[in-house]
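In case you want the letters, here they are:
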Amino acid sequence: DGDPPVFCKAIDDCGSSAHCCLGVCTKARCVTTLAGSGFVGAPDAPAAKACVNGVQGMIGDGRGNVLFTELSPLGVALRLLNIGPTAIGPVAPASVGRLAGGRFGCLPGPALSAEMKAPKGLARDEAGNVFIADQLCGVIWKLSADYSTLSVLVGARGELRVQDGVGDKARFLSLQGLAYGSGTLFASELDAHRIRRVDLATLSVTTIAGTGVAGTIDGPVATAQLQSPGGLALTKTGDLLFGQWQNGAIRRVIAPGQADAVVMTHAAMVGEQTALTTLALRPDDELYFHSWGVGLRQLALPGLMVITVLPFQGRLAEAYDPSTPGSLWLGGWLQPPTPGSGANTIAKLDLVTKLVTRVAGQPGVLGVGDGPAPSATFAIREGGGLAVDGAGRVWLAETAAMRVRRIERDGTVSSFGSGEWIERPGTASTAGFVSPAAVGALGDDLFVVARAGSFRVSRIDAKGVVAQLGTSCLSPTICARASVWAGLVGDAAGNLYLPSLDRVELSVGTIVPAPAIIRIGKLGAGPASHFAGSGAVGCVDGKGGSFSEPRGLARAADGTLYVADSVCGVRSVSPDGTTLATVNPLRALGVALLSPTSRTLIVSTVDHTLQSIDLDSGTASPFAGDARSSLDDHFRDGDAASARFWSPTNLASDGTSVFVLDAQNGRVRVVFP
């Protein structure tokens, strides 16, 4: 019956004649996960040590604890701060833990294995069921009162538009805030400029305010205009309060859902951004809300005067829980505007003394999970670079998490960078990166280029020490900004090559499209200069040709650069940078050569597959992946042809295998040819 299977754990366990795929040594082309659980963001932890990746929705559970959603792409879960002495569902005492979701997708089922895309506002009924507005799935989820099951309440997964109807016949666009009262759920739609009503007895969804045209016009609901409605709250009389995120205001729908309903404005804060996802209304009709860049505000209804309770401290969510009547919960935004602020924390505000006490989170620190391959977490859905060093280790620039991650050959993941928004040299735990976008290995060193802050180029040496070098700025006032999913390669002369989509004009703060390849000399110390591409947006070949969206990058032994242009296709750049050519029109995000002398280019495409391009003929053939990835089936390891990726982006090679940044699946995977 043939030889018995040889079992393995790491990619190098099978020697040079085979490779480890799904725990078995094989010679067949296959795909396996190198690292990543697929979960996004920070792991569960005791409250004082937990990381909170930017609070969006927030609601008390009536027992002194608080449920919250985090800002995507750093969190796609419903989490709970359990301050009590006993476990609540899967969350340990005095801890922050995940209640539902955590992987990117739109999949109902058992709560801890379900998937959400962009959970925002929260509401809770008398029975303890929790409702979650999911902006990108286009549904309102229902989490059962025992926290065991996540199901679709209304809406259809992945169908984003406005349509009234019953149950799964209703459609939503840009769901944001939620409010519950007396068997009825209200939902705001940020970009659709509407508020919807859900009758929980019949699951009928109707539009109760907003015409779809942005504006701040009071009057009957049939003609009143709303502009980016966000946080919602119900008054004792059944009126609906809502905040306007754009062109800030606190407004009211009187008799919502009734034929004679009208919209009125309590307070206008023209030019401010107000109440993105939450409003906190106390029984005495004191309303609390945030104004971005100003602080926590208070409006005593039915009055019109707004006062600032707390100056802005990096917080963007608030919740009132009747079980703690003398305080408010405050949720922190992603990054601190000032040192020591409340960003990335959950805190309590004493409404009498106005003292704020941090309960969970680490100020200004974003969280990810290091450790063994199956438990590591990544936040790579909206950007990240990939490279392999001379020792065969994989490096990942994690743009959203402000870190550079290193993956050993056995899949163990570690971090470089503190997770703070700061540029700082140092060791793995003390260094700081601001939006690191691209990584590339040259000799024993790894180079990192940021796409924000001062657009810093950093180096991580063989001892793990981080040094700051030059920048990607072309002049004191103009900086080339690394592309999302940017590649980074180097040459023997010590030049680094970086794809850039646009340039930031520092003097006026504007971003101007200028797709090009930038060259940074002296091993990242600079200066940076324009290397290839006219700077105009287009798909023009020849001398002075142009790019549209250059992203992935590979360099051949003869100096030719290969560029993944996600609009124009796979392009080549002559060694002197003067001439562009289209190798194949496949819309690609990443490129890799198995070796510098290889005549085969592997590319990741926008249809969730990898293709192999013969550089002599320009023809493409399947390499790995099944293009039929869907919301219900988007991750599979195993045989290369049937494996499933979900937005494979950057690629890198160790000379034998191809490593894949599988963005929406939240994993780094490897294809053995």
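Figured I'd write up the structure that's included with this text. (Residues numbered from 1 in each chain as written. Predicted model: local features only at pLDDT ≥ 70, side-chain atom pairs only at ≥ 80, totals over all residues. Heavy atoms only, no water.)

Quick look at the overall build of the protein
Right, on to step 1. The helix and strand inventory of the protein stands at 0 helices and 59 strands.
Right, on to step 2. Whereas a compact globule of 673 residues would reach a radius of gyration of roughly 26 Å, the protein reaches 26 Å, a difference of no more than 12%.
Right, on to step 3. Seen through its principal axes, the protein has C-alpha atoms that stretch 75 × 70 × 45 Å.
Right, on to step 4. A buried classification covers 61% of the 673 residues belonging to the protein. (Helix = DSSP H or I, 4+ residues; strand = E, 2+ residues; numbered from the N terminus. Rg over C-alpha atoms; globule rule 2.2 N^0.38 Å. Buried < 20%, exposed > 50% of the residue type's maximum accessible area, 1.4 Å probe, protein only.)

With respect to the sheet that holds strand β32 (residues 345-350)
Right, on to step 1. In space, the 4 strands of this open sheet follow the order β30-β31-β32-β33, with antiparallel pairing throughout. The open sheet has two free edges, formed respectively by β30 (315-319) and β33 (356-361), since each of these has just one partner strand. Looking at each pair of strands side by side, their axes are set apart by 30 degrees on average, direction ignored.
Right, on to step 2. Judged from the 5 bridges that link them, β32 and β33 form a sheet pairing that is antiparallel. Bridging from a neighbouring strand, alanine 347 pairs with arginine 358 of β33. (Pairing = 2+ DSSP bridges. Axes fitted to C-alpha atoms, helices over the stretch in contact; angles between N-to-C directions.)

Observations regarding the sheet that holds strand β38 (residues 436-442)
Right, on to step 1. The strand order across the open sheet built from 4 strands is β38-β39-β40-β41, with neighbouring strands paired in antiparallel fashion. Each edge of the open sheet carries a strand with a single partner, namely β38 and β41 (466-471). The average angle at which neighbouring strand axes cross in this sheet is 25 degrees, direction not considered.
Right, on to step 2. In this structure, β38 lies alongside strand β39 (residues 445-450), joined through 6 bridges in antiparallel fashion.

Focus on the pattern of salt bridges
Right, on to step 1. A complete count under the given rule lists 32 salt bridges for this structure.
Right, on to step 2. One salt bridge connects glutamate 189 with arginine 196, and the closest N-O pair in it is separated by 3.0 Å. The exposure classification of glutamate 189 matches that of arginine 196, with both residues buried.
Right, on to step 3. A salt bridge links glutamate 398 to arginine 405; the nearest nitrogen and oxygen atoms lie 2.6 Å apart. Each of the two residues, glutamate 398 as well as arginine 405, counts as buried.
Right, on to step 4. Three or more residues are tied together by salt bridges with common partners; here these are Asp626, Arg628, Asp633, Arg636 and Arg644. (Salt bridge = Lys/Arg side-chain N within 4 Å of Asp/Glu carboxyl O.)

Description of the pairing of strand β44 (residues 496-505)
Within a regular strand, side chains alternate between the sheet's two faces.
Right, on to step 1. Across the 10 residues that make up β44, a large majority, 9, are buried.
Right, on to step 2. As paired elements, strand β42 (residues 478-482) and β44 share 5 bridges and run antiparallel to each other. Paired with alanine 482 across the strands is serine 500, a residue of β44.
Right, on to step 3. Where strand β43 (residues 489-490) and β44 come together, 2 bridges link them in antiparallel fashion. In the sheet register, valine 489 faces β44, and the bridge partner there is tyrosine 497.
Right, on to step 4. The loop that links β43 with its antiparallel partner β44 comprises 5 residues; one of these, glycine 494, has a positive phi angle of about 90 degrees.
Right, on to step 5. From the end of β44 to the start of strand β45 (residues 510-520), which pair antiparallel, there are 4 residues, and glycine 509 there has a positive phi angle of about 70 degrees.

Re the packing of aromatic side chains
Right, on to step 1. For the structure shown, the criterion picks out 5 aromatic pairs.
Right, on to step 2. On the basis of an interplanar angle of 45 degrees and a centroid distance of 5.6 Å, the ring pair of phenylalanine 104 and tryptophan 646 is categorised as tilted. Taken as a pair, phenylalanine 104 in strand β9 (residues 103-104) and tryptophan 646 in the loop between β56 (638-639) and β57 (648-653) lie far apart in primary sequence, 542 residues in all.
Right, on to step 3. Among the residues examined, tryptophan 646 registers a relative accessible area of 6% and is labelled buried.
Right, on to step 4. Ring plane angle 20 degrees and centroid distance 6.5 Å describe the contact between phenylalanine 131 and tyrosine 180, whose orientation is recorded as stacked. Of this pair, phenylalanine 131 sits in strand β13 (residues 130-134) while tyrosine 180 sits in strand β17 (residues 175-181), placing them 49 residues apart in sequence.
Right, on to step 5. Judged by relative accessible area, phenylalanine 131 falls into the buried class, the value being 2%.
Right, on to step 6. The cationic tip of arginine 103 hangs over the ring face of phenylalanine 39; the distance from NZ or CZ to the ring centre is 4.0 Å.
Right, on to step 7. Directly above the aromatic system of phenylalanine 635 lies the positively charged group of arginine 667, at a separation of 3.7 Å from the ring centroid. (Phe/Tyr/Trp six-rings, centres within 6.5 Å; stacked < 30°, edge-to-face > 60°. Lys NZ or Arg CZ within 6 Å of the ring centre and 35° of its normal.)

Describing unusual backbone geometry
Right, on to step 1. The omega torsion of the bond from leucine 301 to proline 302 falls at 5 degrees, within 30 degrees of zero and hence cis.
Right, on to step 2. Structurally, the position occupied by proline 302 is in the loop between β28 (295-300) and β29 (306-311).
Right, on to step 3. The step from glycine 526 to proline 527 runs through a cis peptide bond, and the omega angle for that step is 10 degrees.
Right, on to step 4. Tracing the chain through its elements places proline 527 in the loop between β45 and β46 (528-532).
Right, on to step 5. Within the chain, tyrosine 147 stands out as a residue other than glycine whose phi angle is a positive 65 degrees.

With respect to the pairing of strand β20 (residues 204-209)
Right, on to step 1. Where strand β16 (residues 165-166) and β20 come together, 2 bridges link them in antiparallel fashion. Residue pairing in the sheet places glycine 165 in a bridge with valine 205 of β20.
Right, on to step 2. With 5 bridges joining them, strand β19 (residues 194-199) and β20 adopt antiparallel strand pairing. Bridge pairing links arginine 197 to threonine 206 in β20.
Right, on to step 3. Where β19 hands over to β20, the hairpin turn is made up of 4 residues, of which leucine 203 adopts a positive phi near 60 degrees.

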